[in-house]
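Each chain is listed here by its residues.
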Amino acid sequence: MRWLCLRLSISCFIFLTIWPQDTEGVNCASAKTCGDCMKQSPDCAWCKSTAVFSNKCDAAESLLAKGCEPDQIVQPKSSLDIVENATLSNAGDAALGDAVQLKPQKIQLKLRPGDKYRVKLDVRQAEDYPLDLYYVMDVSSSMADDLQSVGRLGNDLATRMSNITRDFRLGFGAFVDKVVMPYVDLSKLDDPCVGTDLDFTCQPPFSFQNALSLTNETSKFSDVVSNLQPSGSLDYPEGGLDALMQAATCKDIIGWRERARHLLFYTSDAPFHIAGDGKLGGVVKANDGKCHTSASTGYYTMYDQLDYPSVSQLSQVLEQNSILPVFAVTDKIYNVYEKLPAFFHEAEVTEIKEDSSNVVDVITDIYSSITSKIEMDDSITGELKDLISLQYTSICVDGTTTANNKECAKLALGDTISFLLDITVNKSLCDKDVKSRSFKVGPLSFVEKLEVLVEAICDCDCEQIKEPDSPKCTNGNGTFVCGGCVCNEGRSGSYCECDQDETEEGIIDPQCLMEVEDEVVCSGQGQCKCSVCLCRETTPPRIISGDFCECDTNDCLDAGSNEICAGAGQCICHPNDRSRCSCMDGYTGEFCTCSSSNFSCIARNGLVCGGRGYCECNQCKCDEGYDGQACECKNGECESECDANKPCVKCHFKEGELYENGLCEETCLTEPIIVDDLEDIGTAQKCKYKDENQCVVSFTQEILPNEKLELTIKRDPDCYGGPGVLWIIIGIIIGIILVGLALLLIWRLLTFIHDRREFEQFEKERQDAKWEGGHNPLYKPSTSTFKNPTYSAKQNS
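Values in this document were obtained by computation on a predicted structure and should not be read as measured data.

A.B. asks: I'm lost on the overall build of the protein chain in this one. Help?
C.D. replies: Secondary structure summary: the protein chain contains 16 helices and 45 strands in total. The C-alpha radius of gyration computed for the protein chain amounts to 45 Å, which surpasses the reference 28 Å derived for 797 residues by more than 25%, pointing to a less compact arrangement than a globule. Principal axes of the C-alpha set define a box for the protein chain whose edges measure 180 × 90 × 90 Å. Looking at the 797 residues of the protein chain, the share that counts as buried comes to 44%. For the protein chain, the proportion of contacts with a sequence separation of at least 24, taken over those separated by at least 6, is 63%.

Right, dumping it as structure tokens:
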């Protein structure tokens, strides 16, 4: 029944607003009560008069046309109430009290769901704004020389910072690591440096110590740091995250001021322990992110009971307290820290020398960098993101307005900039028990934030008065409220006059025919129920509407862009006719495709259609012989985009055909911008060409949104002189000689290698040779031997 009543309240007008970035349609007629009407769209209004009894939710213009009196139209507008709006001031303006860097400071908004309300927020980096700088230092033995350097630099730092702000406070904290195994040697607690090659005495190890709370007596800084002795630990990483957590959470002990810029400066030459590392020492309880530093001794007391904090946990605490951490580390561990800013809301990482002698320069440079830019942030997170949307538009110091941008740079102290905040409430907030939400928005690292309280307009005042079972609703078949009937179950119609069970099927009801001669009810796009057309459901942005379903937003669809009214108009239903586009100012045409702007017809030389035609409906109508998007082509030959302005650039250097014929002033209507360098060209197109002297001329060209050409020329061409003929000849001769020498050396080397191999082969064969003895047949001994054969016979006998 509720669905049927909803369908019966379809109006004959559809006022459809199409934003360029959002083509989703809104159907006012789908609302059956005044409260529902308020949720549909900020363009929807409700007629609480009985003069209009059907289609009571519609565009205000349509309700007036139906005969609804102006004072009977309910259409509450979004409104702004500025609660606090103190004037921007510097810290030195004693008569105004504390410095004010944001204006306004607190606002209340009542918004129709879907209504984008713009609020202007002025921001100024106040001069002499209070600065609290807390120095957290690793005092392990490897940082002994750094400790001495920092102790000497305290007064110098105070002097340098006094040039930036007269309200400067300085504090100091030291850290080593948890005093449990395996992080420190428990056998050397009195002097952890005993047995090492260090020639000094070390103090007992500790986790974190607040050695000096924030004070404007900066001379104490040097005294405290100079009297500190280094300490020692066993493992390489240190307990730096423990120290940062205590420095951030112990606001009263450290002395952080509520209205001051908070800078937490961390120095170390070692990496840090992270959450979970404590298990090695038997410390398994997760860090609770609370202060556990003794106010009397300054030491962290829960080091042996709470694990190290995680990076994300520390980031959350620093963000809550508007503290900006700066990690100043030596080059050997810079790669460990350089990616940390990605895990913090805002953080800086920089490099210091091994002995920390450049600390003063690092701090002043970091502070100047921080104060030279402003980046906005807000507390719209989690569920709030689904209920409220916020978009930023920046107006920076040079007056440039940039949409979807939340940052301005190149600022000086005292500069005032603005941000336009477009705040929108989603209609889902109306489904919540509490229909208001609050959030804060402001620059990162600023303590001050704009407090915004948003309340959704979800109801009508007239809904407070209801007449149940009212005789105005056909024998009490509904509740009369806000001038209309909300029918009981089983009833429908504007006056709840129809019984759904009595509706006859298959009979054409003449009340559902737009023309008498029509044969199809509800224009063929709906069903006739109780003499009322119920248009068929469609998926937005398409909506079918009208008393006879004769209006279809597809009639407003531009085929080229596939957007309703090309994103430049509203699709309006005309009763007993069809939907047509009502174009925004500056647009014409059936589908609002023609812009009165000539931007798309501007050629690169800044002229409409290059001076060779005229612009009609965003398209160039070129003179005979020319064609192309901007008439840049002649007889099929198209000039490049850079060629369009080359003649005028040549005029600047007093050369070229235009200059020779005296046509520069007549042809070149844009005064060029002359710069020394073209590094920062933004979205402009960069062009180059060689002049008569073979020097490279560089320039950029860009068509601005105001349809003007911006031509920027580099002051001096880049000339590269060619070598002289004599030097070319000498070079050739030297080259030939060098090549000859190289070949000779190669030949000599190859010969040497060959001879060496031959000699080695000879030596090998000589050593392997074996000489055998033999008889020379030509040799004749010098003596002859004769034997008497008879001599031996006689002896034998």
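A.B. asks: Is there a simple way to explain the pattern of salt bridges in this structure?
C.D. replies: One side chain can pair with another of opposite charge once the charged atoms of both are near each other. The final tally for this structure, using the stated rule, is 16 salt bridges. Between Arg118 and Asp422 there is a salt bridge; the shortest N-O distance is 2.7 Å. Of this pair, Arg118 sits in strand 8 (residues 117–124) while Asp422 sits in strand 19 (residues 416–425), placing them 304 residues apart in sequence. Between Asp643 and Lys646 there is a salt bridge whose closest N-O contact spans 3.3 Å. Shared partners join several salt bridges into a network, and the residues in it are Asp132, Asp167, Arg169 and Arg257.

A.B. asks: Just to check I follow, could you spell out empty space enclosed by the protein for this structure?
C.D. replies: Any empty space left between atoms is shown by rolling a water-sized probe over those atoms. Inspection of the entire model under this criterion finds four cavities of 30 Å³ or more. Among the secondary structure elements, those contributing two or more residues to the lining of the second largest cavity are strand 12 (261–268) and helix 10 (359–371). Counting residues per element, the lining of the second largest cavity draws most heavily on strand 12, at three residues. The class makeup of the residues in the lining of the second largest cavity is five nonpolar, three polar and one charged.

A.B. asks: Looking at this structure, how should I read the sheet that holds strand 21 (residues 450–456)?
C.D. replies: Pairing is mixed in the open sheet, where six strands are placed in the order 5-7-21-20-15-18. Each edge of the open sheet is held by one strand with a lone partner, namely strand 5 (79–84) and strand 18 (407–408).

A.B. asks: Could you clarify how one ought to interpret the state of the cysteines in this entry?
C.D. replies: Think of a disulfide as a covalent bridge from one cysteine sulfur atom to another cysteine sulfur atom. Following the criterion strictly, the structure yields 22 disulfides and no others. What pairs with Cys396 in a disulfide is Cys408, and their sulfur atoms sit 2.0 Å apart. Because the sign of the S-S torsion sets the handedness, a value of about -85 degrees for the bond joining Cys396 and Cys408 places this disulfide among the left-handed ones. Taken as a pair, Cys396 in the loop between strand 16 (388–395) and strand 17 (401–403) and Cys408 in strand 18 lie far apart in primary sequence, 12 residues in all. Grouping residues by exposure puts Cys396 and Cys408 together as buried. Two residues, Cys462 and Cys482, share a disulfide whose sulfurs are 1.9 Å apart. The S-S bond linking Cys462 to Cys482 shows a torsion near 105 degrees; that makes this disulfide right-handed. In this pair, Cys462 sits in the loop between strand 21 and strand 22 (466–467) while Cys482 sits in the loop between strand 23 (478–481) and strand 24 (484–487), placing the two residues 20 residues apart along the sequence.

A.B. asks: Could you clarify how one ought to interpret a negative patch on the surface in this entry?
C.D. replies: A contiguous patch of negative charge, built from Asp145, Asp331, Glu351 and Glu354, is present on the exposed surface. Looking at the element boundaries, Asp145 is found in helix 4 (residues 144–162). Take Asp145: its relative accessible area is 36%, and that puts it in the partly exposed class.

A.B. asks: I'm lost on the environment of Cys615 in this one. Help?
C.D. replies: Inspection of the secondary structure assignment puts Cys615 in strand 37 (residues 613–616). Distance from Cys615 to Ala630, taken between C-alpha atoms, is 9.1 Å for residues 15 residues apart in sequence. Contact partners of Cys615, with chain neighbours within four places excluded, come to Asn598, Cys601, Val608, Cys609 and Cys620.

A.B. asks: When you look at helix 10 in this model, what are you seeing that I'm missing?
C.D. replies: The terminal C-alpha atoms of helix 10 lie 18 Å apart, and with 13 residues this matches the ideal 18 Å at 1.5 Å per residue to within 8%. On its buried face, helix 10 sits against strand 9 (131–138), helix 4, strand 12, strand 13 (323–329) and strand 14 (348–351).

A.B. asks: Is there a simple way to explain the nonpolar core in this structure?
C.D. replies: General note: in soluble globular proteins, nonpolar side chains tend to be found buried as a group. The biggest cluster of nonpolar side chains holds 36 residues, and the ones touching the most others in it are Tyr135, Phe172 and Phe265. For this core, the elements supplying multiple residues, two or more each, are strand 9, helix 4, strand 10 (168–175), helix 5 (219–227), strand 12, strand 13 and helix 10. Each residue touching Phe172, except ones within four places of it in the same chain, is listed here: Tyr134, Tyr135, Met137, Leu147, Gln209, Asn210, Ala211, Leu212, Phe221, Val225 and Leu228. In this structure, Ala243, Cys250, Ile253 and Leu340 belong to the second largest nonpolar core, which totals 34 residues.

A.B. asks: How should I be thinking about the environment of Tyr720 in this particular structure?
C.D. replies: For Tyr720, the location among the structural elements is in the loop between strand 45 (709–714) and helix 15 (725–768). Counting along the chain gives 24 residues from Tyr720 to Val696, while the straight-line C-alpha distance between them is 8.5 Å.

A.B. asks: What is the right way to read the sheet that holds strand 23 from this model?
C.D. replies: Strand pairing within a sheet occurs via backbone hydrogen bonds; the two strands may be parallel or antiparallel. The three strands are arranged 22-23-24 in an open sheet whose pairing can be described as antiparallel. Because the sheet does not close on itself, it has two edges, and the strands there are strand 22 and strand 24. Where strand 23 meets strand 24, four bridges bridge the pair, whose relative direction is antiparallel. Counted as the bridge partner of Phe480 is Cys485 from strand 24.

A.B. asks: How should the packing of aromatic side chains be read in this particular structure?
C.D. replies: Where two aromatic rings form a pair, the distance of their centres and the angle of their planes describe that pair. All chains considered together, the criterion is met by 14 aromatic pairs. An aromatic cluster of at least three residues, connected via ring pairs, comprises Phe175, Tyr266, Phe272, Phe327, Tyr337 and Phe344. The lysine or arginine in question, Lys178, covers the ring of Tyr308, its NZ or CZ lying 4.7 Å from the ring centre.

A.B. asks: In this structure, what is going on with the pairing of strand 13? I would like to understand it.
C.D. replies: In terms of burial, strand 13 is largely enclosed, as seven of its seven residues are buried. Covered by surrounding structure in strand 13 are Ile323, Pro325, Phe327 and Val329 together with Leu324, Val326 and Ala328, the residues of both alternating faces. Of the strand pairs in this sheet, strand 12 and strand 13 are connected by seven bridges, and their pairing is parallel. Residue pairing in the sheet places Leu264 in a bridge with Pro325 of strand 13. Traced from strand 12 through helix 8 (residues 311–320) to strand 13, the parallel crossover comes out right-handed. Of the strand pairs in this sheet, strand 13 and strand 14 are connected by four bridges, and their pairing is parallel. The residue bridging Val326 from the neighbouring strand is Glu348, located in strand 14.

About the criteria used
- Residues numbered from 1 in each chain as written.
- Predicted model: local features only at pLDDT ≥ 70, side-chain atom pairs only at ≥ 80, totals over all residues.
- Heavy atoms only, no water.
- Helix = DSSP H or I, 4+ residues; strand = E, 2+ residues; numbered from the N terminus.
- Rg over C-alpha atoms; globule rule 2.2 N^0.38 Å.
- Buried < 20%, exposed > 50% of the residue type's maximum accessible area, 1.4 Å probe, protein only.
- Contact = heavy atoms within 4.5 Å.
- Salt bridge = Lys/Arg side-chain N within 4 Å of Asp/Glu carboxyl O.
- 1 Å grid on protein atoms, 1.4 Å probe; cavity = no way out; pocket = protein on both sides within 12 Å on 5 of 7 lines; lining within 4 Å.
- Points joined across faces, edges and corners; volume = space filled by probe spheres on them.
- Nonpolar A, V, L, I, M, F, W, Y, C, P; charged D, E, K, R; others polar.
- Pairing = 2+ DSSP bridges.
- Disulfide = S-S within 2.5 Å.
- Patch = residues over 30% accessible without salt bridge, like charges linked within 9 Å, V, L, I, M, F, W, Y side chains within 5 Å.
- Areas by Shrake-Rupley, 256 points an atom, 1.4 Å probe, with all protein chains shown as cover.
- Lys, Arg positive; Asp, Glu negative; His and termini not counted.
- Charge placed at Lys NZ, Arg CZ, Asp CG, Glu CD.
- Expected span 1.5 Å × (residues − 1).
- Core = buried A, V, L, I, M, F, W, Y, C linked by side-chain atoms within 4.5 Å.
- Phe/Tyr/Trp six-rings, centres within 6.5 Å; stacked < 30°, edge-to-face > 60°.
- Lys NZ or Arg CZ within 6 Å of the ring centre and 35° of its normal.
- Right-handed = clockwise from strand over helix to strand, strands pointing away.

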